[in-house]
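Summary of structural features
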Amino acid sequence: VNSNSLNTQVVGRQAELLVSAAGCGGWDLGIAITDDRQVQALNRRYRGIDRPTDILSFPFHDMLHAPGQLPKVLMEEEKNLGDLVVSLPYVQRWCEDNKVQLATRVPELVAHGICHLLGFDHETDEEYRYDLNRTLVT
C-alpha cells in the first residue's frame, strides 16, 4: 500500500503515546497499514463479514479478567496488546467523504483499536466514545 500520504513514523509515535495513556506503557502494539482487499479477507475470515472496514483489532491475549485489566505475564515477550490492521484506502475515502484530515482520523482509529485490544467493546458510537474517554483519562 502506498502510505506516502500517511507519515507512519508519526502514527507509530502517536500509538506509543496512546498505549502509555491507556496505562500500558512498555506493552507492544503492532500496526499494519494495508488495503481494502487484505482487510476484507481478514474481516471475512475472522468476523464472517465479507466487506472491508477501516480497522480490525486482533488481541494477543484472548481472555482479559475485565476490560482494561491487563493480564499478569510471566515473560517480557507476553507484554503484547496485539495487532491493528488498517485499510488506508478505506480510511482515505471516509476522510474525503467527511472532510476530516487523515492525520486526525488515524489516531482516532488507533485509539479505537487499542480500546478493543483492552477488552472494551461497543454497540454504538456513543459507547465507543465513552470507553475511549474512560480508558485514556483514567
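Each remark here, short or long, concerns the structure printed above.
A short tour of the structure in this document, coming up. (Residues numbered from 1 in each chain as written. Predicted model: local features only at pLDDT ≥ 70, side-chain atom pairs only at ≥ 80, totals over all residues. Heavy atoms only, no water.)

Looking now at the packing of aromatic side chains. Going through the model one piece at a time under the given rule, you end up with one aromatic pair. Consider the rings of Tyr 46 and Phe 58, whose centres lie 5.2 Å apart with planes at 75°: the pair is edge-to-face. Linking Tyr 46 in helix α2 (residues 36-47) with Phe 58 in strand β2 (residues 55-59), this pair joins segments that are twelve residues apart in sequence. Owing to a relative accessible area of 47%, Tyr 46 belongs among the partly exposed residues under this scheme. (Phe/Tyr/Trp six-rings, centres within 6.5 Å; stacked < 30°, edge-to-face > 60°. Helix = DSSP H or I, 4+ residues; strand = E, 2+ residues; numbered from the N terminus. Buried < 20%, exposed > 50% of the residue type's maximum accessible area, 1.4 Å probe, protein only.)

At their nearest, the axes of helix α3 (residues 88-98) and helix α4 (residues 102-117) sit 10 Å apart, and the two run at 120° to each other. The pairing of α3 with α4 is recorded here as oblique in orientation. The chirality of how α3 crosses α4 is right-handed. Side by side, α3 and α4 meet where Leu 88, Val 91, Gln 92, Trp 94 and Cys 95 of the first sit next to Leu 102, Arg 105, Val 106 and Leu 109 of the second. The residue inventory of the contact of α3 with α4, partitioned by class, reads seven nonpolar, one polar and one charged. (Axes fitted to C-alpha atoms, helices over the stretch in contact; angles between N-to-C directions. Parallel < 35°, antiparallel > 145°, perpendicular 65-115°, else oblique. Left-handed = near helix turned anticlockwise from the far one by under 90°. Contact = heavy atoms within 4.5 Å. Nonpolar A, V, L, I, M, F, W, Y, C, P; charged D, E, K, R; others polar.)

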